[in-house]
Amino acid sequence: MSKLDRASLEAFQNQPAGQRKDYINVGMSACGVAAGAAEVYQVFSDEIRTRNLPVALHQCGCAGMCYAEPLVEVKTAGLPSVTYGRVTKEVAIKILDRHVTGGMLVNDAIFSINTGI
Amino acid sequence: MFTKIVFIKDTSAGPQDQTRDFYTRFLDTVRRFGFLEQTNVVRVADIGLYGHGIVVHILPDNIVYHNVKDTDIERIVENSVKADKVLEDLVFQYQPKQNRLVLRNCGKIDPESVDEYIQNGGYQGLKKALFESTPEQVINEIKTSGLRGRGGAGYPTWLKWTQCRSVPSSERFVICNADEGDPGAYMDRSVLEGDPHSVIEGMLIAAYAIGAAKGYFYIRAEYPLAVQRIQKALDQAAQLGLIGQNILGSQFSCNLEIRLGAGAFVCGEETALIASIEGKRGTPRPRPPYPTTRGLWDKPTIINNVETLANVSYILANGGQKYAGIGTPKSTGTKVFAVTGKIKNSGLVEVPMGITLREIVYDICGGIASGKDIRAVQTGGPSGGVIPREHLDTPVDYENLQKLGSIMGSGGMIVMDTDDCMVDIAKFYLGFCVDESCGKCAPCRIGGYQMLKILNRITEGNGKIEDIATLKRMSRAMQKASLCGLGQNAANPVTSTLKYFEDEYREHILEKRCRAGKCQSLARYSIIPEKCKRCSLCATNCPVKAITGSKDVAYSINPDVCIKCGKCLEVCKFKAVLKV
């Protein structure tokens, strides 16, 4: 990585932030990890690879809803961005089956609707 | 592809969640209208509203209906699902109560990727500071914003910086105080783990403003993930030339380094923190001179809290004027609170200053988990106090909390219901301060210990009525004579519980009764003969054989033998054991 100066930083900042198309964000702060986010991340990672799904997997910080950890934000084309809470391995599989592959939101697991389709 | 997405959730606090039934009926109606293919109806686990009956949220129109009845389903489907009309009588004008500035990136970007931070507007503030402003202008921008220290005391940040800058010296230092140790508070950890670059950027701006070439992160070793992420962020920043020599090609150079704290609570006090960084034992020294004149290695030093620094990067990027528009005139901006205790949805909330405690507890966090009444909210950790339910409508800012006998503190907020005993709470917090007292000054070392002894006596049923006056006198002495903030504020939980709940202390002392049932030694167990089914389960489980009875006679507890362990209450299947 080369060092940034004023001009290259500006160029960097002006790059469109929306490079992320379809993504899954797993909250991986200490609180999330303590609630099992690492295992959930592993499930997503393995399944996305084996099924070759067109979705990017990221880790992120704590979204603040500690009562519902582990938190997973999912955004796919045509559906709003939603945050699933208390995600277990089973829910993770459901998210991949229904939401990512099937294009339908999963029942009883959404804790926050981050509006916008 | 769906044209409409409908979210459904029953938000009433009733015993039976109606979401599932309502969902079925809603789905049937949508099917009847022949719009099933185009609609995704979803049951959600939490919709962000509480006590609003059944809530229906429709996207992409972003309509929120509340208190929806079964009879409304048909017209909702007809007007708002099949068409785009809004039913005005059902609409709830949803105003988000939270305002995320400090947590702007937490939960959104990858904390281990500097690229994502930059692409989301990161290091804009640093760029503005370095290339578009003089250090004085940076301080002025902070002055315009009205930012005050988020560590708890609320000292104006610009004033601290100006004082440090005005002291002639060959060297100056910036320290980020990440020694967060209040029970139940974890705002700083979340920021460090979720958005480390925002704190680094804030520190660089602070260093530029005061003319420092070296900065330290003082993080406690109990936060391994935070330390790891900050280290990774520092490495990335160094690679990109965001820290080090000639930052971004400018004349400004600054190096940042991590120092680990061993987890002593007193090291969050600035003079003790400095001693700890210098490699000495972490004990405070009298102020003045303040660290801004004689700090680290006797050089002028500023110490800012994690949240303050995360605010600084936001203010520089977005302008002080905009920031000053949020919150109240004297306490501008937002504050992150860690809401825990008997709350339904515990977690981090970031709210504009001036919001009421009631809004935080009920509207954002969903109220009390047990459904019981709220008794008090504890703010400010062991240095703070309790705020009783009568004052829930007070707007939260530095001055108001102080008036109520508590402090803003770093942002821990512990909600207590009727099951919490106020004497026990005071004992817990005082015990924490006694454990963490460094022992350097007598008022804190001895005063705290003696007060704790009295509180222990009261909760064990051996209190004397004079104890209340003694507690008050000793709290005053500790407040006046202790060397640092830890000792001065250690008695706060006792003074504030005495202020609002003195009758409860009296009950413990005079009637030997704890109304919350928390103080084990004051509890009395008895068996209601009418309810006793003579199963002998309690007698079998009693560890001291205090329960006697037989198949013919109802069981009873001998109070002289009973050790009040509560086992009988736990095992009784017929609710025949009574605890008072």
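Counting restarts for each chain: residues are numbered from 1 in the order of the written sequence. Chain labels run from A onward and ligand labels from 1 onward, assigned in the order the entries are written. Residue-level local features of this predicted model are given only where pLDDT is at least 70; pairs of side-chain atoms are given and counted only at 80 or more, and the full residue set underlies all totals for whole chains, interfaces and linings. Side-chain numbers come from the whole structure's heavy atoms, not from hydrogens or water.

Draft legend 1. Fine view of the overall build of chain B. Numbering of helices and strands starts at the N terminus; helices are DSSP runs of H or I of at least 4 residues and strands are runs of E of at least 2. Along its length, chain B carries 21 helices and 17 strands. Once the C-alpha set of chain B is aligned to its principal axes, its extents read approximately 90 × 75 × 40 Å. For chain B, restricting intrachain contacts to residue pairs at least 6 apart in sequence, the fraction spanning at least 24 positions comes to 69%. Carbon and sulfur atoms make up 50% of the accessible area of chain B, which totals about 23,500 Å². Neither His nor the chain termini are counted; the positive set is Lys and Arg, and the negative set is Asp and Glu. Charge positions come from single atoms, namely NZ of Lys, CZ of Arg, CG of Asp or CD of Glu. Charge-centre separation for chain B: the mean point of 72 positive side chains lies 5 Å from the mean point of 63 negative side chains. In this description, contact between two residues means that some pair of their heavy atoms is separated by no more than 4.5 Å. All accessible-area figures derive from a Shrake-Rupley calculation using a 1.4 Å probe, and residue coverage is judged against the displayed protein chains alone.

Draft legend 2. Representation of the packing of aromatic side chains within the structure. All names here are of chain B. Paired rings are identified among Phe, Tyr and Trp, the last through its six-membered ring, by centres lying within 6.5 Å, and are further divided according to the angle between planes into stacked (under 30 degrees), edge-to-face (over 60) and tilted (the rest). Taken as a whole and assessed by the stated rule, the structure comprises 10 aromatic pairs over all chains. A centroid spacing of 6.1 Å and a plane angle of 35° characterise the contact between Phe 22 and Phe 26, whose relative ring orientation is tilted. Taken as a pair, Phe 22 and Phe 26 lie in helix α1 (residues 19–32) at a separation of 4 residues, close to a single helical turn. When accessible area is computed with a 1.4 Å probe and restricted to protein chains, residues below 20% of their type maximum are described as buried, those above 50% as exposed, and intermediate ones as partly exposed. You can call Phe 22 buried: its relative accessible area is 0%. Measuring from centroid to centroid gives 6.2 Å for Tyr 216 and Trp 297, while their planes differ by 65°, and the two rings are edge-to-face. One end of the pair, Tyr 216, is in strand β6 (residues 214–220); the other, Trp 297, is in the loop between α10 (270–277) and β8 (301–305), and 81 residues separate them in sequence. The class for Trp 297 is partly exposed, based on a relative accessible area of 40%.

Draft legend 3. Highlighting the sheet that holds strand β10 (residues 347–352) of chain B. All names here are of chain B. Strand pairing is assigned whenever DSSP detects at least two bridges linking the two strands. Taken together, 5 strands build an open sheet; the order of strands is β10-β9-β13-β11-β12 and the sheet is mixed. The sheet is open, and its two edges are formed by β10 and β12 (385–388), each paired on a single side. Recorded for the sheet is a direction-independent mean angle of 30° between the axes of neighbouring strands. Axes here mean lines fitted to C-alpha atoms, for a helix over just the part in contact, with angles spanning 0 to 180 degrees between N-to-C directions.

Draft legend 4. A look at the nonpolar core. B:Tyr123, B:Trp161 and B:Phe217 are the most contacted members of the largest nonpolar core, which totals 74 residues. Of all the elements, helix α8 (residues 196–210) of chain B adds the most residues to this core, at 10 residues. What B:Tyr123 contacts, discounting residues up to four positions off in sequence, is A:Leu9, A:Gln13, B:Val114, B:Tyr117, B:Ile118, B:His197, B:Ile200, B:Glu201, B:Leu204, B:Ala237 and B:Leu242. Residues A:Val26, A:Val43, A:Ile48 and B:Leu49 belong to the second largest nonpolar core, which totals 36 residues. As used here, the term nonpolar core means buried Ala, Val, Leu, Ile, Met, Phe, Trp, Tyr and Cys residues forming a set that is joined through side-chain atoms within 4.5 Å.

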